[in-house]
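# Structure at a glance
Listed here are the chains, written in short residue letters.
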Amino acid sequence: MRHITLPETGTAIAWRKAARSCLAEGLMPADVSWGSEQTERGLFDDQPVSGATTPLKMTAPRSFVALAETVCWHRDEDRFARLYQFLWRLKDTPHLVADRGDRELAHLRAMEKSVHRCQHKMKAFVRFREIGDRDDARRSFAAWFEPTHHTVEPTALFFARRFGDMDWRIVTPEKTATFQSGELRFLPGQPKPDFPEDASEALWLTYFRSIFNPARLKVQAMTSEMPRKYWKNLPEAATIPDLIANAPARARAMAEAAPTLPPVRARKARQQLAGLESAWSGPMETLPAAIHDCRRCPLHKTATQAVPGTGPLDAPLMIVGEQPGDQEDLTGKPFVGPAGQLFDKVAQSAGLIRKEAFVTNAVKHFKFIPRGKRRLHQRPNSGEIEHCRWWLDAELAMVRPKLILALGATAAEALTGSGANILQRRGTVEQLADGTPILLSVHPSYLLRLPDPAEREKQMAAFEDDLRLAAEMIATLTARSAEEATPIAGTHGRL
Ligand code: URA
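Just so it is clear, the structure is predicted and the values come from calculations on it, not from any experiment.

Moving on, we come to the overall build of the chain. For the chain, the helix and strand inventory stands at 19 helices and 14 strands. Counting over 495 residues, the chain shows a buried share of 46%. Long-range contacts, defined here as pairs at least 24 residues apart, represent 72% of the contacts in the chain between residues at least 6 apart. Element-wise, carbon and sulfur atoms account for 54% of the exposed surface of the chain, whose accessible area totals about 25,400 Å².

As a further point, take the pattern of salt bridges. All told, the structure shown has 21 salt bridges when counted by the stated rule. For the salt bridge of D102 with R89, the shortest nitrogen-to-oxygen distance reads 2.6 Å. Residue D102 is located in the loop between α3 (79-90) and α4 (103-125), and its partner R89 is located in helix α3; the two are separated by 13 residues in the primary sequence. D102 gets classed as buried once you look at its relative accessible area, which sits at 9%. Note that E464 is salt-bridged to R468, the shortest N-O span being 2.6 Å.

What the second largest pocket holds in volume is close to 800 Å³. Forming the boundary of the second largest pocket are 30 residues, of which A339, H377, H443, S445 and R449 lie nearest the centre. Of all elements in the fold, only α13 (326-331), α14 (338-350), β11 (374-377), α16 (409-416), α17 (422-425) and α18 (444-449) reach the threshold of two or more residues within the lining of the second largest pocket. In terms of residue class, the lining of the second largest pocket is built from 13 nonpolar, 10 polar and seven charged.

What follows concerns the sheet that holds strand β5 (residues 167-171). On the basis of which strands lie adjacent, the open sheet formed by five strands has the order β3-β4-β5-β6-β7 and mixed pairing. The open sheet has two edge strands, β3 (129-130) and β7 (183-188), and neither has a second partner. Judged from the five bridges that link them, strand β4 (residues 140-144) and β5 form a sheet pairing that is parallel. Its bridge partner lying in β5, F141 is registered against W168.

On to α3, then. The end-to-end C-alpha distance of α3 is 16 Å, a good match for the 16 Å that 12 residues give at a rise of 1.5 Å each. Along α3, the positions that sit buried rather than exposed are R79, F80, L83, Y84, F86, L87, W88 and L90. Check the buried side of α3 and you find it contacts β1 (2-6), α1 (11-25), β2 (32-36), α2 (62-71) and α4.

How two aromatic rings sit relative to each other is set out by the distance from centre to centre and by the angle between their planes. One pass over the structure, following the stated rule, counts 16 aromatic pairs. Ring geometry for F158 and F159: centres 5.2 Å apart, planes at 90°, overall edge-to-face. For the pair F158 and F159, a shared accessibility class is recorded, and that class is buried. Centroid distance F343 to F463: 6.4 Å. Interplanar angle 65°. Geometry classified as edge-to-face. Of the two residues, F343 sits in helix α14 while F463 sits in helix α19 (residues 453-483), which places them 120 residues apart along the sequence. Residues F343 and F463 agree in their burial class; the two are buried. Members of the aromatic cluster, joined through ring pairs, are W15, W34, F64, Y84, F86 and W88. The ring centre of F158 lies 4.7 Å from the NZ or CZ of K123, which sits over that ring. Here the basic side chain of R296 rests over the ring of W390, its NZ or CZ set 4.0 Å away from the ring centre.

Our focus in this paragraph is the nonpolar core. One finds V320, W391, L396, I404, L415 and I438 to be the most contacted residues of the largest nonpolar core, which totals 31 residues. Per element, the largest residue contribution to this core is eight residues, and it comes from helix α15 (residues 382-399). In contact with I438, other than residues within four places in its own chain, are I404, A406, L415, T416, T428, V429, E430, Q431 and L432. By size, the runner-up hydrophobic cluster in this structure holds 30 residues, among which are W34, A68, F80 and L87.

Strand order in this open sheet of five strands is β9-β8-β12-β14-β13, and the pairing throughout is mixed. Across the chains shown, the open sheet's two edge strands, defined by having one partner strand only, are β9 (357-361) and β13 (429-431). Taking the axes of each pair of neighbouring strands and ignoring which way they run, one obtains an average angle of 25° across the sheet. Bridge count for β13 against strand β14 (residues 437-441) is three bridges, and the pairing is antiparallel. Pairing of Q431 across the sheet is with P437, part of β14. Sheet strands in contact with α16 are β8 (317-321), β12 (403-407), β13 and β14, and its direction is about 135° off that of β12.

Now for the pairing of β14. Burial within β14 is extensive, with five of its five residues counted as buried. Judged by which residues are buried, β14 turns out to be covered on both faces: P437, L439 and S441 on one side and I438 and L440 on the other are all buried. Here β13 folds back onto β14, and the loop between the two strands holds five residues, one of which, G435, carries a positive phi near 95°.

Now for the site of the ligand. Looking at the ligand, the residues that line it are G321, E322, Q323, G325, E328, P334, F335, N361 and H443. Here F335 contributes a backbone N or O atom positioned 2.7 Å from an oxygen atom of the ligand. At a separation of 2.6 Å, an oxygen atom of the ligand approaches a polar side-chain atom of H443. Surface burial for the ligand is 93%, taken as the share of its 240 Å² of free accessible area covered by protein chains. In this structure, the ligand is accommodated by the second largest pocket. Its residues assigned to classes, the shell around the ligand shows two nonpolar, five polar and two charged.

Under the criterion given, the structure shown has two cavities of 30 Å³ or more. In this model, the largest cavity occupies a volume close to 60 Å³. Taken together, I291, C294, R296, C297, L299, V363, K364, H365, H387, C388 and W391 make up the lining of the largest cavity. Broken down by element, the residue count for the lining of the largest cavity peaks at three residues, all from α15.

Conventions adopted
- Residues numbered from 1 in each chain as written.
- Predicted model: local features only at pLDDT ≥ 70, side-chain atom pairs only at ≥ 80, totals over all residues.
- Heavy atoms only, no water.
- Helix = DSSP H or I, 4+ residues; strand = E, 2+ residues; numbered from the N terminus.
- Buried < 20%, exposed > 50% of the residue type's maximum accessible area, 1.4 Å probe, protein only.
- Contact = heavy atoms within 4.5 Å.
- Areas by Shrake-Rupley, 256 points an atom, 1.4 Å probe, with all protein chains shown as cover.
- Salt bridge = Lys/Arg side-chain N within 4 Å of Asp/Glu carboxyl O.
- 1 Å grid on protein atoms, 1.4 Å probe; cavity = no way out; pocket = protein on both sides within 12 Å on 5 of 7 lines; lining within 4 Å.
- Points joined across faces, edges and corners; volume = space filled by probe spheres on them.
- Nonpolar A, V, L, I, M, F, W, Y, C, P; charged D, E, K, R; others polar.
- Pairing = 2+ DSSP bridges.
- Expected span 1.5 Å × (residues − 1).
- Phe/Tyr/Trp six-rings, centres within 6.5 Å; stacked < 30°, edge-to-face > 60°.
- Lys NZ or Arg CZ within 6 Å of the ring centre and 35° of its normal.
- Core = buried A, V, L, I, M, F, W, Y, C linked by side-chain atoms within 4.5 Å.
- Axes fitted to C-alpha atoms, helices over the stretch in contact; angles between N-to-C directions.
- Near = heavy atom within 4 Å.
- Polar contact = N/O pair within 3.5 Å; in protein donor to acceptor, adjacent residues only side chain to side chain.
- Sits in = over half its atoms within 2 Å of the grid points.

Okay, structure coming up:
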């Protein structure tokens, strides 16, 4: 029996390396025992290997590599052995990785989902407290968190990207992630430290109270989204019992105070309230044709055709890009060229299902300058974005998505009105006037243009994180609306 001890840090990479060399030696799953630095060794570990077969060479399917990279952070002690067992089966039947009927694959997928959920909770529920001097050049923060799985390491990069301009540490019972002067390191875990009181906590409490909508209170949905085990480390959770207790009275008061809208004007008034009123007001099914006929700016003169959005009209997610590229202009469909193909690839590994989204662009005509036989993309200017906002507003009013994913600076400008640096805003959530969340990210063509392979890899990982966050937000928002009570007229708050 060969025993392999995997390190606490860099576990996923170490598993991959070890699995590759076990395979190369032809070691059968029964001949390998796996553990981490914390697990106890078995009685028969390190006995001579009995059944080694011929050395093997194989290339694992990419989707298995991604699966293994996540499953390695699961708490189950059998995770490494399960993965190796499955890899062993894959060498003869590579298509197994897509076999939905395979029980072992289903088990691994469930483990993957559980790790992703834990990462999502960590991103949502880590609460930093300021521990340094506010006047220091780099401010210092610390947080205590108790993850279900070993997710500190795979999630730390997310925090490093988001809080790159400050020093911070996330302490957990098993591992501590520290980020100092731009360097991310992992140290052993610690018991819960005593952090100083933080003045910003009062702000959190006020914010939480103000977004709480008593008319939409569903205790079960709330506790499934914010499980009680996290409450003790969330400052805002202290307000929950009080908010729940007072919710019925507050909801009654809100209903009494709500204006009663005459039915004919109700829809229009709601749209105005939501800030989604487009000047275009034809029947929704004629919208693509109206976009095709658009002459609102000179871009229609050189483009082959306008490219309206496509996808389900009740999609929970709307993806907004910049403008059609060369291939989109020829085919009349958004995101079918190289940028779209890259998006599809990353979306697939992030668990974001494109066909369930409505995909469109901020500007509907291709803007380019001819160079010989080629048409070189030109970024639309603010005037063109503003003219085309007419159509984007109409698409928004038609689809009413729960979440918008803005890809790149042009989409961000069209949706938020702000042209501020997208690299500093990416991965954050802004809002439409009606409160619809807009998750900002970079445009896939930015990734295609990056010359340095290391930088491209880093940015691709960040892009995948953004798309995974979009998938998680959609899952959360969809589950929440399924649970929500029938909305009471005139209330716009969200829990
Ligand atoms: N880039 C975009 O922003 N949209 C497309 O449809 C294609 C490329």
